Amino acid sequence: MPEFLGCIRKYIILTVCMTAAFVGLKMLAYCVPDEPVKENVKKSAEYMQKEGVYPSMYADDEYNLYSQRLDNYTDAVFLNVAYNMRNTNILEAVLCDYRGVADGDNPLDQLYQVVSSEDYSLVSYGRQWFGTVSFLRILLSLFTLPEIRILSQYLMFILLGLTVLLVSKTVDDKMAIVLLVNIIVISLDVVAASVNHAGAFYSLFLGIIMVCLLHNKVSDYLMIYMVGGITAYLDLFSLPFVTPVVAVFILYINYKEKKISNFKTGFLKLVYLALFWVAGYVVLWMSKWLLASIAGKRNVFADAMIEMGRQSMGKTTIDWGPDTTGGYIVESVKLCFENMFPVNYLKMAYQNGQRNFVCGFIFIVLLLLILFLVRYHKRVGQLWFSCLLMVAAAFPYVCYAIMHTHAFIHFWMWFRIQVITWMAVSLAYIEALDLKKYKE
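Remember, it's a predicted structure, so these values are computed and weren't measured experimentally.

**Topic: the packing of aromatic side chains**
Going through the model one piece at a time under the given rule, you end up with 33 aromatic pairs. Considering the side-chain rings of F357 and F361, the 6.1 Å spacing of their centres and the 25° angle between planes classify their relative orientation as stacked. Taken as a pair, F357 and F361 lie in helix 17 (residues 355-376) at a separation of four residues, close to a single helical turn. On the basis of relative accessibility, which here comes to 51%, the residue F357 falls in the exposed class. Grouped by ring-pair contacts, the aromatic residues F237, F241, W277, Y281, W285, W289, F395, Y397, Y400 and W414 constitute a single cluster. Above the ring of Y54, the side-chain terminus of R69 is found at 4.8 Å from the ring centroid.

So, in structure tokens, the structure goes:
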């Protein structure tokens, strides 16, 4: 019992420290002078207004691929919060996240109206941390959004390179290559250029680096709890389920170190890691609700629960969706799957008359993979870890099924959650091969 209480105490202290750090970062952003921030937000709003709500990252994208789409709709909300941060006292501004509301059909139009005049009201967006604003507001004191996009792209790829090198050094080359390939194909340049999407991938890279540096020094569950909390801070519920990739890393490291020796122990480890990620995400998210309720003197818990119900389970806000729950699930899975690389390009080629090429390419690739696996596979008793990874690979589709409405609406960004599937399947295939047999 004392050991259990000590463990609980450790997580309570960690939660308090993380919450204090999150609030402190936003207070730092509050202290940035207002005038240069507002000037750069105005210039950014004018630029975004010319781009449109959902512009393509590349002007010559004739096929309008969803993988190239920027999210000016939500990025405008971030800029709005940064613009109005100093319109109230520091504690209320940091915890309630006020944004200006004016005439307009969408947040981008509203932002343009807000920066063009002072005739607007403030409303709270207290159910989210808006942690990205901590860094965005500081950058906005020096740069406009187009410039910040370029800086973010450089930083994201540098962070990816450092992460891959660290994984190669501390884990192995197989995992490093799988990470590099699967991250690049989800259009990381586009992710980095979108304020709304970048937070989840910064959280992912920070989580992987933390595991590489602290494994065997800090509990796996403590680290995945922290990853969940950081995700709650930096992600605006756009791509939170990307960061459980860190759990796959931890599982793989445990397998390499022979800390898990069969499917049962591995499955239990995977379940516990998932639960601690959820705990970190939910607890740190709810800590924001508590603080926002106190600072804003309103029940943010009720607001959050109502919105979660509308966006995940129900279909009350969608008149153009399927008629049944099953229809939502099928369509959300279909839309997300067909927008993941390389499926999106194969589909595009198929629709442009290259049917024979697409079918032949898929047949040849699958045939070669199957023949290679049949020839060089491990003994059946050694395939349990590959089977475990296939279980992990199903995680995104479980998310699509449970949050079918949200996945259906936001399929054009939620398809990236399948990076977990692609990574897990790749590792499962590699681990099923007996490379010694191949060398012989």
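**Describing the confidence of the model for the protein chain**
When pLDDT is averaged across the protein chain, the result is 89; 94% of the residues are at 70 or more. Across the protein chain, element-level confidence peaks in helix 7 (residues 145-170) with a mean pLDDT of 96 and bottoms out in helix 23 (residues 435-439) with 65.

**Topic: helix 19 (residues 395-402)**
Residues P396, C399 and Y400 constitute the buried set of helix 19. Down the axis of helix 19, the smallest arc covering the buried residues is 100°, so these residues share one side. Along its buried surface, helix 19 packs onto helix 15 (325-338), helix 18 (384-393), helix 20 (404-409), helix 21 (411-414) and helix 22 (419-432).

**Focus on the nonpolar core**
Ranked by size, the top nonpolar core spans 128 residues in total, and within it M156, I183, L188, F201, F385 and W414 carry the most contacts. Residue contributions to this core peak at twelve residues, all from helix 10 (residues 195-214). With residues near it in sequence (within four places) discarded, I183 still touches L160, L188, F201, L204, F205 and V419.

**Some remarks on the layout of surface pockets**
By volume, the second largest pocket is sized at about 960 Å³. Lining the second largest pocket we find 24 residues, and of these V365, L369, W422, V425 and S426 sit closest to its centre. Elements with a minimum of two residues in the lining of the second largest pocket: helix 8 (173-184), helix 16 (343-351), helix 17 and helix 22. The element that contributes the greatest number of residues to the lining of the second largest pocket is helix 17, accounting for seven residues.

**Examining the pattern of salt bridges**
Throughout the structure, instances matching the rule amount to twelve salt bridges. D34 is the partner of K38 in a salt bridge, and the nearest nitrogen-oxygen pair spans 3.6 Å. Of this pair, K38 and D34 both sit in helix 2 (residues 34-51), four residues apart, roughly one helical turn. Under the relative-accessibility criterion, D34 is labelled buried at 19%.

**Comments concerning unusual backbone geometry**
Cis peptide bonds are those with omega within 30 degrees of zero, and the linkage from F341 to P342 qualifies with 5°. Assignment of secondary structure puts P342 in the loop between helix 15 and helix 16. Positive phi outside glycine occurs at F130, with the angle close to 55°. Here F130 shows up in the loop between strand 2 (121-124) and helix 6 (132-140). With relative accessibility at 2%, the residue F130 sits in the buried group.

**So, the packing of helix 10 against helix 11 (residues 220-234)**
Where helix 10 meets helix 11, the axes come as close as 9 Å, and the angle between the chain directions of the two elements is 160°. Judged on the interaxial angle alone, helix 11 and helix 10 are roughly antiparallel. By crossing handedness, the relation of helix 10 to helix 11 is classed as right-handed. Contacts between helix 10 and helix 11 pair G199, S203, G207, M210, V211 and L214 from the former with M223, M226, V227, I230, T231 and L234 from the latter.

Reading guide: rules and limits
Residues numbered from 1 in each chain as written. Predicted model: local features only at pLDDT ≥ 70, side-chain atom pairs only at ≥ 80, totals over all residues. Heavy atoms only, no water. Phe/Tyr/Trp six-rings, centres within 6.5 Å; stacked < 30°, edge-to-face > 60°. Helix = DSSP H or I, 4+ residues; strand = E, 2+ residues; numbered from the N terminus. Buried < 20%, exposed > 50% of the residue type's maximum accessible area, 1.4 Å probe, protein only. Lys NZ or Arg CZ within 6 Å of the ring centre and 35° of its normal. pLDDT = per-residue confidence, 0-100. Arc of directions from axis to C-beta. Contact = heavy atoms within 4.5 Å. Core = buried A, V, L, I, M, F, W, Y, C linked by side-chain atoms within 4.5 Å. 1 Å grid on protein atoms, 1.4 Å probe; cavity = no way out; pocket = protein on both sides within 12 Å on 5 of 7 lines; lining within 4 Å. Points joined across faces, edges and corners; volume = space filled by probe spheres on them. Salt bridge = Lys/Arg side-chain N within 4 Å of Asp/Glu carboxyl O. Axes fitted to C-alpha atoms, helices over the stretch in contact; angles between N-to-C directions. Parallel < 35°, antiparallel > 145°, perpendicular 65-115°, else oblique. Left-handed = near helix turned anticlockwise from the far one by under 90°.

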